[in-house]
Amino acid sequence: MSLPSQTSVLVVGAGPAGSYAACVLAREGVDVVLVDADKFPRYHVGESMLAAMRFLLRLIDVEDEFDRHGFEKKYGATFKITDKREAYTDFSKALGPGGHSWNVVRSESDDLLFRHAARSGAKTFDGTKVDAIHFEPYPHDGFEAVEGAHLANPGRPVSADWSCKDDGTKGTIKFDYLIDASGRNGILSTKYLKNRHFNEGLKNLANWTYWKGAKRFNPGQHNENSPFFENLDDASGWVWAIPLHNGTLSVGIVARQDLFLAKKKQLGLSGQEFYREYLKLAPQISDMLSDAEIVSDMKQASDWSYHASAYAGPYFRIVGDAAAFVDPYFSSGVHLALNNGLAAAVSVQASRRGQADERAAAKWHGTKVAENYTRLLLIVMAVQRQLRLKHEELITTDAEDGFDTAFKAIQPVIQGVADTHETDAQVQQRAVESVNFALDSFDVTPEQEKAMTEKVVRAAQAAPETLQKMTPEEVDILKRMSHRVLHRNTTQENSGLAAFTGQVIDGLAANLERGDVGLIKSTMRAIRITEFSKPYSVLSTPVPSSLGPQDLLVKIAVASYCHTDSMVRNGIFKQDSLPFTASHEGAGTVVAVGEQCHDLTSRRPRHAQVTKASWARAQTASLPSTPLPMHDLRHVCRTASGSKMAAPLACAGRTSWRAVDLVVETLEAEQEEASFSDKWVCIVGSGGGLGHLAVQFARGRGLNVVGVAFREEGLTVTREMGANAVVGASEDDAAQRVREKISAPRTSPRDVSTRVPTRRLTCRMRLATAALAYKATRMHGMMVQVAQPDELKIPFQDVVSRDVRVRGSMLASPTESEEMVKWVDKHGIKVLTKSFEGLESIGELVEAAERGQVRGKAAIVVDKSRVEKDEMRCFLWES
Ligand SMILES: Cc1cc2nc3c(=O)[nH]c(=O)nc-3n(C[C@H](O)[C@H](O)[C@H](O)COP(=O)(O)OP(=O)(O)OC[C@H]3O[C@@H](n4cnc5c(N)ncnc54)[C@H](O)[C@@H]3O)c2cc1C
Ligand SMILES: [Zn+2]
């Protein structure tokens, strides 16, 4: 099959970066063509994968396939940097017990991703090389080199010439967007932009091949068979030993190019002999190879450390090795390639869909790629320095015999994610703090920081010796800076998807929700209380820029209004800080998750119900399967109902469910037979937001219901919800009327008291409500109070003569809530809502609610299109 003549996005290069970008876009329904000069499967170096790669693979539904493939499991990695004891970074800390990534045979894993891109809808062509790219002048200014923007403007690329090795065909393909994922070739950087800069200070060289019959690393130890990175005795570099599932051990020497070449000359050896001789400087790995034989040819690479002044421009993005590469030391190449690929897809979609103009989208990509690069560079340079100056304490402290402290801190970089277990996080936090403490004798000023960054970049680019000749004060500054990077990595900006979505660049953050991949603005509008007892204000406020481990960022589609909202606004709960965002009943879309929400991401919740309004940062402590104590109701679960229905369930639904549940529980304890056909419950306020749900819950669970409503409308609603009988609250002796409605002599009204929150109800009337409910309840019965008047006032005559138990109830436990959700779905419970459109309608809503003109729950529809296309949902609350 030949290439089409036109496509929306052309991706050049089908390594991890290109296949990933193509896959993400294809899944969004974008027309993508993915080409690679090589025939797949093709050989590639770089076998050891980071833990965080899992999250990226999960996002495109290919994680399971990696698991099934049979790659060697990688539970962690072991590093020996100086003569001190080795350090192990354990992936189970990031991924949970048994958590692992893989050592892959790249011909197989890259092929897997390439085929997955095709399966996802990308049009893929291997054996097809892009020979030239054509540009049209692009006048739009702002793309020219602006400091820190990482943009370039060679014009807008519009078409590419290609040729196919096999059949000699050639052609031209037109496109709207170009993603350059051509690896080290870097067609845009090297051929057109000519802006690639090599890092002379990281001029290393690698020599590697594959062995059979090697001994396992550390048999019987906790880190048995892990990839092992051992320093060379002469401080010229290090050696990797990576076990692969095809039974070979990949062993490579990475050394300073100058020292490597000098040594080669000195020994007068070449090829395999020299490699074997050099390996002796890594005694542990040499020992592993004592009975092994080489089963492959020698391979060599050099000049891989480079960056560029721009990674994006008008309608093009550069990703993976085509953009920049630092060093193989932390095995981060493929992880960064996928990360970049995702950034490209996100920014292209943002531009295509008009979420950001092309310049902002391109800049977002350029900045993301540049930041990933600089962050890794700083740490790699610190390690390089340590490797070269074996006896100096840079990333270790004098007091320890190994690198545990430093490695705790570096862990997120090595793994791509931070620890997930709280205890480990605490240990890690302490470790980082202790390092910081040791370093905290003075602060790094912005000037010092700028000077040091320049120095490190210069050292990387040209003058490595400057790094070794630093003054003690400079060493101290470098230490502080690298630890700060590490610290940031350990605390929030860990490199899972949370780090990806949590980062805001120029007010734009990534949205990874399938079907909506793109960029979202990082300011949001919210209905807020700025002063107690005053009307709400609609204000612009920042979207949380970094998510905590248990945070979910939810884009609210619907938020409903609860009586408690009016109490909050009137200062009854005295929030300690204003402004305060209104509504604790919201439903919407999860757009970002904290890194402890692994299970949540795997369950792919796309819609959530939260308890804070507009756009909200909600929290989830755990998943529904984990029992939580009542005081910790942070919770999430799915529901099949739409968001308009889901929002009111967060508070009103749960509260009425639990009240009915209490009645059912009590009845069950009292009687043997399962049927409640002669049992009655009286629901006071049955036409309101909580009441109409309580009527349905009670009826559905087999109880007879007599509803008491305050208005004609309420009585109608009560009947519609299936109540067996209704009584108007204003009728003379309504309590008596309730009792009359109940036929069987031994049965009794039990009361679920709910109240329509309206201003029209005078205080006297409110108090009377509880009295009415109490009086309507049979002797020795039970009254469940869920409404929140200022006081409950019940005449003493009733209390002393009637022996009614009063129980208070609020919300519901996670387990109960989950049951409710299932029940709502199964029994088709109706949630009555009156919709108000847009945040600005809040004034109108409050007025209508206070006048008692709302049938069911008042709700603000924030995102109409989301409500219209509601499909799968999940549901979340917080208390
Ligand atoms: C010595 C060494 C060891 C490493 N070890 C590791 C490791 O352990 N773990 C790790 O994660 N990373 C490692 N890396 C880095 C890692 O291999 C790369 O970062 C990664 O492969 C980058 O992926 P990519 O998709 O950007 O590029 P590549 O995987 O290189 O893919 C680029 C593709 O573009 C194609 N292409 C190029 N030009 C054209 C063109 N004109 N037209 C069409 N197609 C074209 C190529 O055929 C190629 O398939 C190592 C690197 C080195 C040098
Ligand atoms: Zn509420």
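Anything mentioned here points back to the structure above.
Asks: Pulling in residues and values, what's your account of the overall build of the chain?
Replies: Each helix and strand in the chain was counted, giving 28 helices and 39 strands. Counting across all 879 residues of the chain, residues that qualify as buried make up 61%. Looking at the chain alone, contacts between residues at least 24 apart form 74% of all its contacts between residues at least 6 apart. Here the chain has roughly 33,900 Å² of accessible surface; of this, 50% comes from carbon and sulfur atoms.

Asks: Help me get a handle on the site of ligand 1, residues and values and all.
Replies: Around ligand 1 there are 34 residues in total, and Asp36, His44, Ser48, Arg106 and Asp321 lie nearest to it. Within the backbone of alanine 37, one N or O atom sits 3.0 Å away from a nitrogen atom of ligand 1. In the model, an oxygen atom of ligand 1 is placed 3.0 Å from a nitrogen or oxygen of the valine 45 main chain. Only α1 (16-27), β8 (128-136) and α10 (333-352) provide two or more residues apiece to the shell around ligand 1.

Asks: Before we move on, can you summarise the pattern of salt bridges with the specific residues and values?
Replies: Any two side chains of opposite charge can pair, on the condition that their charged atoms come close. Per the stated rule, a full pass over the model turns up 31 salt bridges. Ionic pairing is found between arginine 27 and aspartate 61, a salt bridge with its closest N-O pair at 3.0 Å. Remark: aspartate 61 occurs in the loop between α2 (53-59) and α3 (63-69) and arginine 27 occurs in helix α1; sequence separation between them is 34 residues. Owing to a relative accessible area of 14%, arginine 27 belongs among the buried residues under this scheme. With its nearest N and O atoms 2.8 Å apart, the salt bridge here joins arginine 42 to aspartate 110. Note that arginine 42 is positioned in the loop between β2 (32-35) and α2 and aspartate 110 in helix α5 (residues 106-119), a separation of 68 residues in sequence. As far as the burial class goes, arginine 42 and aspartate 110 line up, both buried. Counted as one network, the salt bridges with shared partners bring together Arg54, Arg58, Glu63 and Asp67.

Asks: Go over empty space enclosed by the protein, please, and point to the residues and values.
Replies: For the structure on display, the rule yields ten cavities of 30 Å³ or more. Of the pockets and cavities examined, the second largest cavity occupies roughly 140 Å³. Taken together, 15 residues form the lining of the second largest cavity, with Gly320, Ala324, Phe325, Leu336 and Asn340 sitting closest to its centre. Contributions of two or more residues to the lining of the second largest cavity are made by α10 and α11 (358-388).

Asks: How would you summarise the environment of aspartate 90 if you had to cite specific residues and measurements?
Replies: Along the polypeptide, aspartate 90 turns up in strand β5 (residues 87-90). The class of aspartate 90 is partly exposed, set by a relative accessible area of 23%. Placed ten residues apart in sequence, aspartate 90 and histidine 100 show a C-alpha to C-alpha distance of 8.9 Å.

Asks: Can you lay out the nonpolar core for me, pointing to particular residues and giving the numbers?
Replies: Core analysis: the largest hydrophobic core is formed by 66 residues, its most contacted members being Leu10, Leu178, Trp240 and Phe330. The dominant element in this core, judged by the number of residues it contributes, is α11, at ten residues. Judged by nonpolar contacts, the second largest core, of 62 residues, contains Phe71, Ala149, Val319 and Leu508.

Asks: How would you summarise a nonpolar patch on the surface if you had to cite specific residues and measurements?
Replies: A grouping of Phe796, Val799 and Val800 is seen on the molecular surface, where their side chains present a nonpolar patch of about 310 Å² in accessible area. Mapped onto the elements of the fold, phenylalanine 796 is located in helix α25 (residues 796-802). Residue class for phenylalanine 796 comes out exposed when judged on its relative accessible area of 57%.

Asks: Requested: an account of unusual backbone geometry, with residues and values cited.
Replies: Note the cis peptide between phenylalanine 40 and proline 41, where omega equals -5 degrees. Position of proline 41 among the secondary structure elements: in the loop between β2 and α2. Not every positive phi belongs to a glycine, and alanine 235 is a case in point at roughly 60 degrees. With respect to the element layout, alanine 235 can be found in the loop between β13 (228-231) and β14 (237-243).

Reading the values: the criteria
- Residues numbered from 1 in each chain as written.
- Chains lettered and ligands numbered in written order.
- Predicted model: local features only at pLDDT ≥ 70, side-chain atom pairs only at ≥ 80, totals over all residues.
- Heavy atoms only, no water.
- Helix = DSSP H or I, 4+ residues; strand = E, 2+ residues; numbered from the N terminus.
- Buried < 20%, exposed > 50% of the residue type's maximum accessible area, 1.4 Å probe, protein only.
- Contact = heavy atoms within 4.5 Å.
- Areas by Shrake-Rupley, 256 points an atom, 1.4 Å probe, with all protein chains shown as cover.
- Near = heavy atom within 4 Å.
- Polar contact = N/O pair within 3.5 Å; in protein donor to acceptor, adjacent residues only side chain to side chain.
- Salt bridge = Lys/Arg side-chain N within 4 Å of Asp/Glu carboxyl O.
- 1 Å grid on protein atoms, 1.4 Å probe; cavity = no way out; pocket = protein on both sides within 12 Å on 5 of 7 lines; lining within 4 Å.
- Points joined across faces, edges and corners; volume = space filled by probe spheres on them.
- Core = buried A, V, L, I, M, F, W, Y, C linked by side-chain atoms within 4.5 Å.
- Patch = residues over 30% accessible without salt bridge, like charges linked within 9 Å, V, L, I, M, F, W, Y side chains within 5 Å.

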